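One-letter residues, chain by chain:
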Amino acid sequence: MTDSKYFTTTKKGEIFELKAELNSDKKEKKKEAVKKVIASMTVGKDVSALFPDVVNCMQTDNLELKKLVYLYLMNYAKSQPDMAIMAVNTFVKDCEDPNPLIRALAVRTMGCIRVDKITEYLCEPLRKCLKDEDPYVRKTAAVCVAKLHDINAQLVEDQGFLDTLKDLISDSNPMVVANAVAALSEIAESHPSSNLLDLNPQSINKLLTALNECTEWGQIFILDCLANYMPKDDREAQSICERVTPRLSHANSAVVLSAVKVLMKFMEMLSKDLDYYGTLLKKLAPPLVTLLSAEPELQYVALRNINLIVQKRPEILKHEMKVFFVKYNDPIYVKLEKLDIMIRLASQANIAQVLAELKEYATEVDVDFVRKAVRAIGRCAIKVEQSAERCVSTLLDLIQTKVNYVVQEAIVVIKDIFRKYESVIATLCENLDSLDEPEARAAMIWIVGEYAERIDNADELLESFLEGFHDESTQVQLQLLTAIVKLFLKKPTETQELVQQVLSLATQDSDNPDLRDRGYIYWRLLSTDPVAAKEVVLAEKPLISEETDLIEPTLLDELICYIGTLASVYHKPPSAFVEGGRGVVHKSLPPRTASSESAESPETAPTGAPPGEQPDVIPAQGDLLGDLLNLDLGPPVSGPPLATSSVQMGAVDLLGGGLDSLIGGTNFVAPPTAAVPANLGAPIGSGLSDLFDLTSGVGTLSGSYVAPKAVWLPAMKAKGLEISGTFTRQVGSISMDLQLTNKALQVMTDFAIQFNRNSFGLAPAAPLQVHAPLSPNQTVEISLPLSTVGSVMKMEPLNNLQVAVKNNIDVFYFSTLYPLHILFVEDGKMDRQMFLATWKDIPNENEAQFQIRDCPLNAEAASSKLQSSNIFTVAKRNVEGQDMLYQSLKLTNGIWVLAELRIQPGNPSCTLSLKCRAPEVSQHVYQAYETILKN
């Protein structure tokens, strides 16, 4: 008879009987009684009154009975902490039992008893088990450390268990290694700052050796751990990839996805010219395809992950289009996901196949799926431009089917393709009567208004819609109003009555404020300035790009690091759905190697611009542009705006050369006087000999020069958003002063800003605060504080700044040049002896000379003006009627620039000599001098 009989009894007074049975002398009776207790506990009865009696049964050699008692103990220890202490002795004894199964069982149960009072008693047994000769006990003890850390982290650290765990990574048994890695990863997640998994090439080698021999879940732990490692160069990345690749053929889909994650991450570091890179791409396709033969739920998870992989590296699956074709018995969630990937993989080579398939889907019975399939045809037309004609003829075939919802969806789609292809108007007009959905009616009205000059009876068509104006939805009313105004501007003589009729319907007979306002705007535009009306209403439409539904590059990079986890199914970073944010660390892909950056794949350029002209900024997926879509989820990473002089960028000259001789640390220390040459009195070619007899010209501090605002992003390029701006520096803080103007017809909200990496690490120090929605024709002024602790990458030109701005409409990119003087810090005045020693120390080939023309200032005025922009006069003298100013300035990243400015009274030109260890800065410093002196 099976153990199910224990669950059938519902006698009263049972507890008393069980108590007697538990204290029986007969072993069998005792075991029966414990089984009954566990059965009662399982169905939810409170049997905690039997705690002392059950604990007494622990002293037994019978493994089955011991397991049952331990199970009971785990359940009730929390509610009976005082009684649970009775069990400690047995644990300690069991941890020294000759049977390894019992030792492991004791240590496992100890980890599950979450009672503070007991934990300190368990440290000694746990320490022994961590060094046990049996690997089964060691692997169980490793997991127990993680459980104990969760109960009392301090205790685990004090007892030195973490070091023991780290030693277990070098264990001879692969399962022990896997569990040690899992335990350390778990602990590291709750303490992101601690560097517990201190991985180095030696420990990585041990993990890779253990990888081949441990169980599937052990392999997943090790692969996830490898994914957090940053190889030191592309050779190490390649060798790890070679050893992880065999995991792709594993039967467990979780192992496959974890291996894919490691390979996708380390591929970033491989050059695309390598033969191995091509081989790896080929090896990644078959395992991903195999995942699609699993049951639907697994297929869905695989498809969500493949969606990310295809966006990052479409070349992996470009030849595998057929596996994403929909099967008749796929559940709807799988169908929709496959459809999405089909469009992402669509290209000139396979478009005929894809369109034939999509046309087939449009005859399915599932209305939702049919609509998506019709939309997909439209997306293909936009993505593969050469196929637009073919896509439109496919859509026209579908319209001929006269199936109501297919026709309506097709018209909505064609409206968007129209800007690329316009010869199908006649067919659409035939289907006017069958349209009953607001979106389709609005799309049709837009088409008639937009192409009114090509439709002979456009006025009649629009008039037919006007008859039931008040019964239409707002969407249709607004579209109708705009379409008739367009028609009037194109054919003014024939449609005067029609436009007056619609304007009076919109303004006098309507309760909808949006409709009324739009009506009044058109009325006033038409009555005051028809030319302006034409420019506004008939403005050129921007081209539609397929890239609108791509995941933003930096978010995509983060999600690639989470392949095989919930984040890859939600397509959101863990910080967006893990409550409390405990242990959520932002991950990112390793930086690309120089060779792979130069071979950037063509897919990463934005498709919005015509082929011939490149936009100002090409956001490459690898190095860009913060998680724009997630910017407002938390406070800015870079902290509050910092007084630049205190920014600890280290004494590193980021642009080449070293500043070692000039500064010893972040705050420079003047060298001892012995370092200054003795013959300072001897004449020196550039007139530095008697520097020390002079007083320095000190001007008053009036804030550095601010250039007038310039238009950085014209409205034409940003769907109606115009951005003007300038840069300022005041009392140590830099800001970007922006003016945002909404020249579109819709309200703009949800603004965010991000900078690309740049030469001096400029980054927003706070989110872009636009407190109220930006209404049409409204302008708002914003001062955005900047810090200089962002990521650094040398730009061409040096002061180039690439910016991305996001709002509710889209993400827009532009680039601007910032004046270098915003980076001149307040503590840039050099000690005179230091100045002389440094001038001599910098090689002569680093000296650059420039002429500043049309600058009729005397030395005093020039010195004062330059000091207000943090260019400090160290000394001043007069040589043969020429005023010589010796000046120093320091950039935010610690680069010093020394200058000699010669001013001849009465001569409007002056000569500037600059010396610097990073000569590429000199040209920009000269431009700063010229700007400051001339304004």
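Let me begin by describing the structure that accompanies this report. Because the structure is predicted, anything quoted here is derived from the model rather than measured. (Residues numbered from 1 in each chain as written. Predicted model: local features only at pLDDT ≥ 70, side-chain atom pairs only at ≥ 80, totals over all residues. Heavy atoms only, no water.)

Describing the pairing of strand E10 (residues 872–879)
Next, step 1: Relative to strand E11 (residues 882–890), E10 runs antiparallel, the two being bridged by seven bridges. Within the sheet, the bridge partner assigned to Phe872 lies in E11 and is Ser888.
Next, step 2: A loop of two residues connects E10 with E11, the two strands running antiparallel in sequence, and Glu880 in this loop sits at a positive phi of about 50°. (Pairing = 2+ DSSP bridges. Helix = DSSP H or I, 4+ residues; strand = E, 2+ residues; numbered from the N terminus.)

Examining helix H31 (residues 553–560)
Next, step 1: Within H31, seven of the eight residues are buried, which leaves it mostly tucked inside the rest of the structure.
Next, step 2: Burial in H31 covers these residues: Pro553, Leu555, Leu556, Asp557, Glu558, Leu559 and Ile560.
Next, step 3: Contacts from the buried residues of H31 go to helix H16 (253–267), helix H18 (296–312) and helix H32 (566–570). (Buried < 20%, exposed > 50% of the residue type's maximum accessible area, 1.4 Å probe, protein only. Contact = heavy atoms within 4.5 Å.)

Comments concerning the environment of Gln159
Next, step 1: When you line up the elements, Gln159 lands in the loop between helix H10 (153–158) and helix H11 (161–168).
Next, step 2: A relative accessible area of 28% means that Gln159 is categorised as partly exposed.
Next, step 3: Separated by 39 residues in sequence, Gln159 and Glu120 have C-alpha atoms that sit 9.8 Å apart.
Next, step 4: Other than its neighbours up to four places away in sequence, Gln159 contacts Cys123 and Arg127.
Next, step 5: A polar contact of 2.4 Å, which involves the side chain of Gln159, links it to the side chain of Arg127. (Polar contact = N/O pair within 3.5 Å; in protein donor to acceptor, adjacent residues only side chain to side chain.)

Quick look at the packing of helix H19 (residues 332–345) against helix H21 (residues 367–383)
Next, step 1: Following both chains from N to C, one finds H19 and H21 inclined at 10°, their axes separated by 9 Å at the closest point. Classified by the angle their axes make, H19 and H21 are roughly parallel. Mapping the contact onto sequence places Ile332, Lys335, Leu336, Leu339, Asp340, Ile343, Arg344 and Leu345 in H19 and Phe369, Lys372, Ala373, Ala376, Arg379, Cys380 and Lys383 in H21.
Next, step 2: Here the residues of the contact of H19 with H21 are counted per class, giving nine nonpolar, no polar and six charged. (Axes fitted to C-alpha atoms, helices over the stretch in contact; angles between N-to-C directions. Parallel < 35°, antiparallel > 145°, perpendicular 65-115°, else oblique. Nonpolar A, V, L, I, M, F, W, Y, C, P; charged D, E, K, R; others polar.)

Concerning the sheet that holds strand E5 (residues 763–764)
Next, step 1: Pairing is antiparallel in the open sheet, where five strands are placed in the order E1-E2-E3-E6-E5. The two strands at the open ends of the sheet, each matched to only one other strand, are strand E1 (710–713) and E5.
Next, step 2: For E1 and strand E2 (residues 721–730), the ladder comprises three bridges, and the chain directions are antiparallel. By the bridge assignment, Ala710 is partnered in E2 with Gly725.

A look at the packing of H16 against helix H17 (residues 275–291)
Next, step 1: Packing of H16 against H17 leaves a shortest axis separation of 11 Å and a crossing angle of 155°. Regarding the angle of H16 to H17, the classification is roughly antiparallel. Note on packing geometry: the crossing formed by H16 with H17 is left-handed. Counted together, Ser253, Val256, Leu257, Val260, Leu263 and Met267 of H16 and Tyr277, Leu280, Leu281, Leu284, Pro287, Leu288 and Leu291 of H17 form the full contact between these two elements.
Next, step 2: Within the contact of H16 with H17, the residues separate by chemical class into twelve nonpolar, one polar and no charged. (Left-handed = near helix turned anticlockwise from the far one by under 90°.)

Brief notes about unusual backbone geometry
Next, step 1: Put simply, Glu796 and Pro797 share a cis peptide bond, and its omega is -10°.
Next, step 2: Checked against the element boundaries, Pro797 lands in the loop between strand E6 (779–787) and strand E7 (800–806).
Next, step 3: The phi torsion at Asp750 lies on the positive side, around 55°, for a residue other than glycine.
Next, step 4: Of note, Asp750 is situated in the loop between strand E3 (733–742) and strand E4 (752–755).
Next, step 5: The phi angle at Asn870 is positive, at roughly 65°, despite the residue not being glycine.
Next, step 6: Asn870 sits in the buried class, given a relative accessible area of 4%.

Examining the packing of aromatic side chains
The geometry of two aromatic rings is summed up by the distance between their centres and the angle between their planes.
Next, step 1: The tally for this structure, following the rule as stated, stands at ten aromatic pairs.
Next, step 2: Aromatic pair Phe835 and Trp839: ring centres 6.0 Å apart, planes at 25°, arrangement stacked. Of this pair, Phe835 and Trp839 both sit in helix H34 (residues 832–841), four residues apart, which is roughly one turn of the helix. Pair check on accessibility: Phe835 and Trp839 agree, each one buried.
Next, step 3: Taken together, a centroid distance of 4.5 Å and an interplanar angle of 5° make the contact between Phe850 and Tyr926 stacked. Separated by 76 residues along the polypeptide, Phe850 in strand E9 (residues 847–852) and Tyr926 in helix H36 (residues 922–934) bring together distant segments of the chain.
Next, step 4: A relative accessible area of 14% means that Phe850 is categorised as buried.
Next, step 5: Taking the relative accessible area as the measure of exposure, Tyr926 reaches 13% and is therefore buried.
Next, step 6: Members of the aromatic cluster, each reached through a chain of ring pairs, are Trp712, Phe727, Phe814 and Tyr818.
Next, step 7: Directly above the ring of Phe369 sits Lys335, whose terminal nitrogen or CZ lies 5.2 Å from the centroid. (Phe/Tyr/Trp six-rings, centres within 6.5 Å; stacked < 30°, edge-to-face > 60°. Lys NZ or Arg CZ within 6 Å of the ring centre and 35° of its normal.)

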